Amino acid sequence: MVKASDFKGKDVLSMRDYGREEIDFLLDKATEMVPVAEKGSTLLRGKILATLFFEPSTRTRLSFESAMLRLGGSVTGFSDPSASSVKKGETLEDTIKTVENYCDVIAMRHPEEDAARRAAAAAKIPVLNGGSGSGEHPTQALLDLHTMKYAKGKIDGLTIGLCGDLLYGRTTHSLALALNHFDVELYLISPKELTMKPDILKDLKMKHTATTDLKKVLPKLDVLYDTRIQKERFADPVQYEKLKDAYIIDPKLVKSGKQDLVVMHPLPRVNEITTDVDAMPNAWYFRQVRHGVYVRMALLALVLGAL
Amino acid sequence: MVKASDFKGKDVLSMRDYGREEIDFLLDKATEMVPVAEKGSTLLRGKILATLFFEPSTRTRLSFESAMLRLGGSVTGFSDPSASSVKKGETLEDTIKTVENYCDVIAMRHPEEDAARRAAAAAKIPVLNGGSGSGEHPTQALLDLHTMKYAKGKIDGLTIGLCGDLLYGRTTHSLALALNHFDVELYLISPKELTMKPDILKDLKMKHTATTDLKKVLPKLDVLYDTRIQKERFADPVQYEKLKDAYIIDPKLVKSGKQDLVVMHPLPRVNEITTDVDAMPNAWYFRQVRHGVYVRMALLALVLGAL
Amino acid sequence: MVKASDFKGKDVLSMRDYGREEIDFLLDKATEMVPVAEKGSTLLRGKILATLFFEPSTRTRLSFESAMLRLGGSVTGFSDPSASSVKKGETLEDTIKTVENYCDVIAMRHPEEDAARRAAAAAKIPVLNGGSGSGEHPTQALLDLHTMKYAKGKIDGLTIGLCGDLLYGRTTHSLALALNHFDVELYLISPKELTMKPDILKDLKMKHTATTDLKKVLPKLDVLYDTRIQKERFADPVQYEKLKDAYIIDPKLVKSGKQDLVVMHPLPRVNEITTDVDAMPNAWYFRQVRHGVYVRMALLALVLGAL
């Protein structure tokens, strides 16, 4: 039986550290935060979060800060690597051993893949990984799961399409691995240049089908998780031009799907979802942002032993 | 009858949206904030302001943050456009639809003229315009009015000189338009290269006189609102050299005016007001800064429905 | 008799402003903050600290911010000089006269030596010097003293080695001057290219001995205060190579000293203390960071008249 105290003082580094029970527990705690986010709380009053962003990310940083403030805590930190002591030649470990004296919990983003784990090893206080290199971004995967569960009432039984750049898009990797713990069916929709990263693909346990044809599989989907395709990934620009329109999600395409299709996107988008989709009830990508706050509120409260 | 609830959930985008009644109401609410700023308040406890500064402005950002903190609220945001998702190609609308999930109210500055209005159209929560392009900066106009009213006890009946760069100086534009609602007389004091922007001039309803001669009109003034003249605005450097001294405000010049002349300036100044004026009772430009906090406290409390 | 009210409304600019009694008083107040930092406080609720960092310093800025937050206050400011009005040609004095309207106390760092004093002269509210140029950094000296006293139970009677770059390292200068007020013996350990700055040396009142031989004097020391030696300070690279190893502090060297030797360092370090020293009970340099929070909590509470 997973319980709140299991998370007290612990780091949140990778979705690989959690099984189904832990994930269910975290999603439930995030749901408990929905009304708390609305009316505010003093649960973490007196506690300080340091947001250490060695790589800029307004979205993730503000989400962590908002989560901390909604729980009555306060925030310090930096959002600009050039303002940190790193440029004086300090190691990440030393920065962490310094900063932990200023706060109760650290949320960090770093360009290097093993940075969060190194920080956690150096720190006596909990470290929350807000994205490290092209690797893990566990709070994103949790917020994606929470949005799905909130929108559909469940995750088990869903047919989910991951669409776009499945080779380089790290959010689809974390999400796919997290979905291993659920009884779902996956469609992996991408141009053949950007099919699911082999490392991830070989670990998928659920039924999954790779396809290049979004239009064809759309009617089967309960959730369409879209990501951006970058032109520069294509060797042949003609191939890009041919494919890009197949992955533009517009109202007509959405209407060709199930009536209660949930459209998600980790954002920022460029033009892969047209703005006239935004007003459709199927558009969950901006609401998805708010679920990031719920998930981070739950994690902050748990690692600080406040739940 | 204007009432507090009229402002609840509303944006503050342009002085053009307010008539005399609204302006009087806002100035009264700002005055109510004077003692609150002194002793602090918990009026906005639990509320979050996001300061989105796509263009740096320490003065305006810190003023909004101070106003929010004085009311017991908290603050998140960014002050450096390069740290935002904008550089990933995200539209302003998408940034706003994302950030509104992290906060209860947004204060923003943006280099584009229609940015605040676009943000307000995208947002479900109130947007306060902290300056958009060369256009509107309504909280500056309100703080200018509030300083005048506080210093002189009234605005109606005043003779006011706007001095300096009346062509490009946006604070004089907003202020002149706002003063349309009052029974004032204006002197528009500038070199002929920098006379009042025609767009604004044609809309002025009060008695106004354009002049190049500050010394001559100074004795008539109750308020002298000075702004910086930039050398680079002049085609002919000789002309600049000739004129610039005519607009240096020093103690001798101040003493040539009414004893209770109020000298204002939106700041930053360079050398157009000599520092030996600072200690004179006529110098209101630093106190003016504080009135910005009162005005922004009132606006934050009103749009968040706390008054 | 020094009392808390002596500090109310006062600036903290230089260790030269304090005698033994003031220093003892400040260290005692910092000690009172140890449990307060642990459990939090509302002592400064409603008060605002502005951190004005005209030069980046994550360590010092976060330490001040943490101190303010631990006391229940809040924080605004800037950490990036380029985002300030300075680039619009505003003087430091004008920036200060503006910012003091947004806050109750200012902590600043500035690249110019007399900046803190100029700011204090301009401000009506207290200014805490967080480092100005190559000159004073009084809160660093106080935290160094507090760490020593906390680690050893006293300062009088200690034999203290200052090691590394004694010519350019400003922390050793402030600390040496502060130690003038105590009954200590100093060893000034440095390569001959980097012996103690003559200006400081001539003012030292305690017994002191200059040496290049760390290994030899180490057994005499109660406290070893190490600093970084910069390769670029040497005209002759051969000389650097010869000396640098003599100043690498490793477990073997530490074990050659007294069992309860206290090893301190202002951080950031590069490689002058090997990381395998970190886990030794002698390593105080990361704990030293926390004492900076205690000292700054005490100073903030004192200058704001809350003690």
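Everything quoted here is computed from the prediction, not taken from an experiment.

> Is there a simple way to explain the overall build of chain A in this structure?
On a plain count of helices and strands, chain A comes out with 11 helices and 9 strands. Taken over the C-alpha trace, chain A has a radius of gyration of 19 Å; the compact-globule value for 307 residues is 19 Å, and the two agree within 12%. In terms of overall dimensions, chain A has a C-alpha envelope of 55 × 40 × 35 Å along the principal axes. Considering chain A as a whole, with its 307 residues, one finds that 55% of them fall into the buried category.

> Help me understand the nonpolar core, please; the structure alone is not making it clear to me.
For soluble globular proteins, nonpolar side chains are generally found buried alongside one another. The biggest cluster of nonpolar side chains holds 291 residues, and the ones touching the most others in it are Val263 and Leu300 of chain A, Ile106 and Leu300 of chain B together with Ile106, Val263 and Leu300 of chain C. Leu300 of chain C has contacts with Leu44, Leu49, Ala67, Met68, Leu71 and Val105 of chain C, leaving out every residue within four places of it along the chain.

> Explain the relation of the copies chain C and chain A to me, please; I cannot follow it from the model alone.
One copy of the chain maps onto the other through a rotation about an axis followed by a shift along the same axis. Under the fitted operation, chain C is carried onto chain A by 0.0 Å of movement along the axis and a turn of 120°, and the coordinates agree to an RMSD of 0.0 Å. This pairing of chains is accounted for by a three-fold axis. By C-alpha distance to the rotation axis, the residue of chain C lying nearest is Ser74 of chain C, at 4.8 Å.

> What should I look at first to understand the sheet that holds strand E7 (residues 207-211) of chain B in this one?
Across a sheet, strands are paired by hydrogen bonds formed along the backbone, either parallel or antiparallel in direction. Residues and elements named next belong to chain B. Spatially, E7-E6-E5-E8-E9 is the arrangement adopted by the 5 strands of the open sheet, whose pairing is parallel. Pairing within the sheet leaves two strands with one partner each, and these edge strands are E7 and strand E9 (262-264). Within this sheet the neighbouring strands show an average axis-to-axis angle of 15°, counted without direction. Alignment of strand E5 (residues 159-163) against strand E8 (residues 223-226), held across 4 bridges, turns out to be parallel. Each residue of the ladder has a partner; that of Leu162, found in E8, is Tyr225. Together, E5, strand E6 (185-189) and E8 form the strand contacts of helix H6 (residues 170-179), whose direction differs from that of E5 by roughly 160°.

> Any chance you could explain the interface of chain A and chain B here in plain terms?
The accessible area lost on association of the parts is a frequent measure of interface size. On the chain B side, the residues contacting the 19 residues of chain A number 20 residues. Among the secondary structure elements, those contributing two or more residues to the side of chain A that touches chain B are helix H2 (58-70) and helix H11 (285-303) of chain A. Examining the composition of the side of chain A that touches chain B, we find that 7 residues originate from one element, H2 of chain A, more than from any other. For the side of chain A that touches chain B, the class distribution of residues is 9 nonpolar, 5 polar and 5 charged.

> Got a minute to help me understand the pairing of strand E1 (residues 48-53) of chain A in this structure?
Along a regular strand, successive side chains alternate from one face of the sheet to the other. Residue and element names in this part refer to chain A. Buried residues dominate E1, accounting for 6 of its 6 residues. Residues Ile48, Ala50 and Leu52 of E1 are buried on one face, and the alternating residues Leu49, Thr51 and Phe53, pointing to the opposite face, are buried as well. Sheet analysis places E1 next to strand E2 (residues 74-78), joined by 5 bridges and oriented parallel. Looking at the pairing, Ala50 lines up with Thr76 of E2.

> Even after reading the chapter, I still don't get the sheet that holds strand E7 (residues 207-211) of chain A, so can you show me in this structure?
All names here are of chain A. Taken in spatial order, the 5 strands of this open sheet run E7-E6-E5-E8-E9, and their pairing is parallel. Looking at the sheet topology across the chains shown, the edges are occupied by E7 and strand E9 (262-264). Here the average twist between neighbouring strands, direction ignored, is 15°.

> Quick question: what am I supposed to make of the interface of chain C and chain A here?
Taken together, the contact between chain C and chain A spans 19 residues of the former and 20 residues of the latter. Every element with two or more residues in the side of chain C that touches chain A is listed here: helix H2 (58-70) and helix H11 (285-303) of chain C. With 7 residues, H2 of chain C is the single largest residue contributor to the side of chain C that touches chain A.

> Would you take a moment to explain the domain arrangement of chain A for this structure?
All names here are of chain A. Taken as a whole, chain A is organised into domain 1 (4-136 + 291-303) and domain 2 (139-289). With centres defined by C-alpha atoms, the gap from domain 1 to domain 2 works out at 26 Å. Of all the secondary-structure elements, those providing two or more residues to the side of domain 1 that touches domain 2 are helix H1 (20-39), strand E4 (127-132) and H11. Here the element with the most residues in the side of domain 1 that touches domain 2 is H11; it accounts for 6 residues. Class assignment for the residues of the side of domain 1 that touches domain 2 results in 10 nonpolar, 6 polar and 5 charged.

> Please explain helix H3 (residues 92-99) of chain C as it appears in this structure.
Note: α-helices contain 3.6 residues per turn, so residues at a spacing of three or four share the same orientation. Burial analysis of H3 of chain C places 6 of its 8 residues in the buried class, the great majority of the element. For H3 of chain C, every residue scored as buried is listed here: Asp94, Thr95, Ile96, Lys97, Thr98 and Val99 of chain C. Where H3 of chain C is buried, its residues touch helix H2 (58-70) and helix H11 (285-303) of chain B together with strand E1 (48-53), strand E3 (105-110) and helix H4 (115-122) of chain C.

> Looking at this model, I keep getting lost on the packing of H2 of chain C against H11 of chain C. Mind explaining?
Describing two packed helices takes the angle between their axes plus the distance from one axis to the other. Residue and element names in this part refer to chain C. Viewed as axis vectors pointing N to C, H2 and H11 meet at an angle of 60°, and their least axial separation amounts to 8 Å. On the basis of the axis angle, H2 is oblique to H11. Crossing of H2 against H11: the hand is right-handed. Mapping the contact onto sequence places Ser63, Phe64, Ser66, Ala67, Met68 and Arg70 in H2 and Gly292, Val293, Arg296, Met297 and Leu300 in H11. Among the residues making up the contact of H2 with H11, the classes are represented as 6 nonpolar, 3 polar and 2 charged.

> Quick question: what am I supposed to make of the environment of Asp156 of chain B here?
Residues and elements named next belong to chain B. Mapped onto the elements of the fold, Asp156 is located in the loop between helix H5 (138-152) and E5. Measuring from C-alpha to C-alpha, the distance between Asp156 and Lys220 comes to 15 Å, with 64 residues separating the pair along the chain. In contact with Asp156, not counting residues within four places along its chain, are Phe182 and Asp183.

> I tried to follow helix H1 (residues 20-39) of chain B on my own but got confused; where do I start?
Residues and elements named next belong to chain B. The end-to-end C-alpha distance of H1, which contains 20 residues, comes to 30 Å, matching closely the 28 Å that a straight helix rising 1.5 Å per residue would cover. In the structure, H1 departs most strongly from a straight axis at Met33, where the bend amounts to approximately 30° and where the proline Pro35 lies between one and four residues downstream. Listed as buried for H1 are Ile23, Phe25, Leu26, Leu27, Lys29, Ala30 and Met33. Here the buried face of H1 lies against H5, H6 and H11.

> Mind showing me how you'd approach the packing of H3 of chain C against H4 of chain C here?
All names here are of chain C. Interhelical geometry of H3 versus H4 gives an angle of 50° and a closest axis separation of 9 Å. Overall, the two elements H3 and H4 adopt an arrangement that is oblique. As H3 packs across H4, the resulting crossing turns out to be right-handed. For the pair formed by H3 and H4, the contact residues are Leu92, Glu93, Ile96 and Lys97 on the first element and Ala115, Arg118, Ala119 and Ala122 on the second. Across the contact of H3 with H4, the residue classes break down as 5 nonpolar, no polar and 3 charged.

> How should I be thinking about unusual backbone geometry in this particular structure?
For residues other than glycine, phi is negative in most cases, and the peptide bonds are mostly trans. Residues and elements named next belong to chain A. Put simply, Leu267 and Pro268 share a cis peptide bond, and its omega is -5°. The topology assignment puts Pro268 in the loop between E9 and H11. In the Ramachandran plot, Leu267 falls in the positive-phi region, its phi being about 60° despite a non-glycine side chain. Here Leu267 lies in the loop between E9 and H11.

> So what exactly am I meant to see when it comes to the environment of Ala246 of chain A here?
Here Ala246 of chain A lies in the loop between helix H9 (237-244) and helix H10 (251-255). Remark: the alpha-carbon pair of Ala246 of chain A and Val34 of chain A, spanning 212 residues in sequence, is separated by 36 Å.

Each value, and the rule that gives it
- Residues numbered from 1 in each chain as written.
- Chains lettered and ligands numbered in written order.
- Predicted model: local features only at pLDDT ≥ 70, side-chain atom pairs only at ≥ 80, totals over all residues.
- Helix = DSSP H or I, 4+ residues; strand = E, 2+ residues; numbered from the N terminus.
- Rg over C-alpha atoms; globule rule 2.2 N^0.38 Å.
- Buried ≥ 20, exposed ≤ 12 C-beta atoms within 10 Å, placed from the backbone.
- Core = buried A, V, L, I, M, F, W, Y, C linked by C-beta atoms within 7 Å.
- Contact = placed C-beta atoms within 7 Å.
- Least-squares fit on C-alpha atoms with pLDDT ≥ 70 in both.
- Pairing = 2+ DSSP bridges.
- Axes fitted to C-alpha atoms, helices over the stretch in contact; angles between N-to-C directions.
- Nonpolar A, V, L, I, M, F, W, Y, C, P; charged D, E, K, R; others polar.
- Domains from an automatic or database assignment.
- Parallel < 35°, antiparallel > 145°, perpendicular 65-115°, else oblique.
- Left-handed = near helix turned anticlockwise from the far one by under 90°.
- Expected span 1.5 Å × (residues − 1).
- Bend = angle between axes of the 7 residues up to and from the residue.

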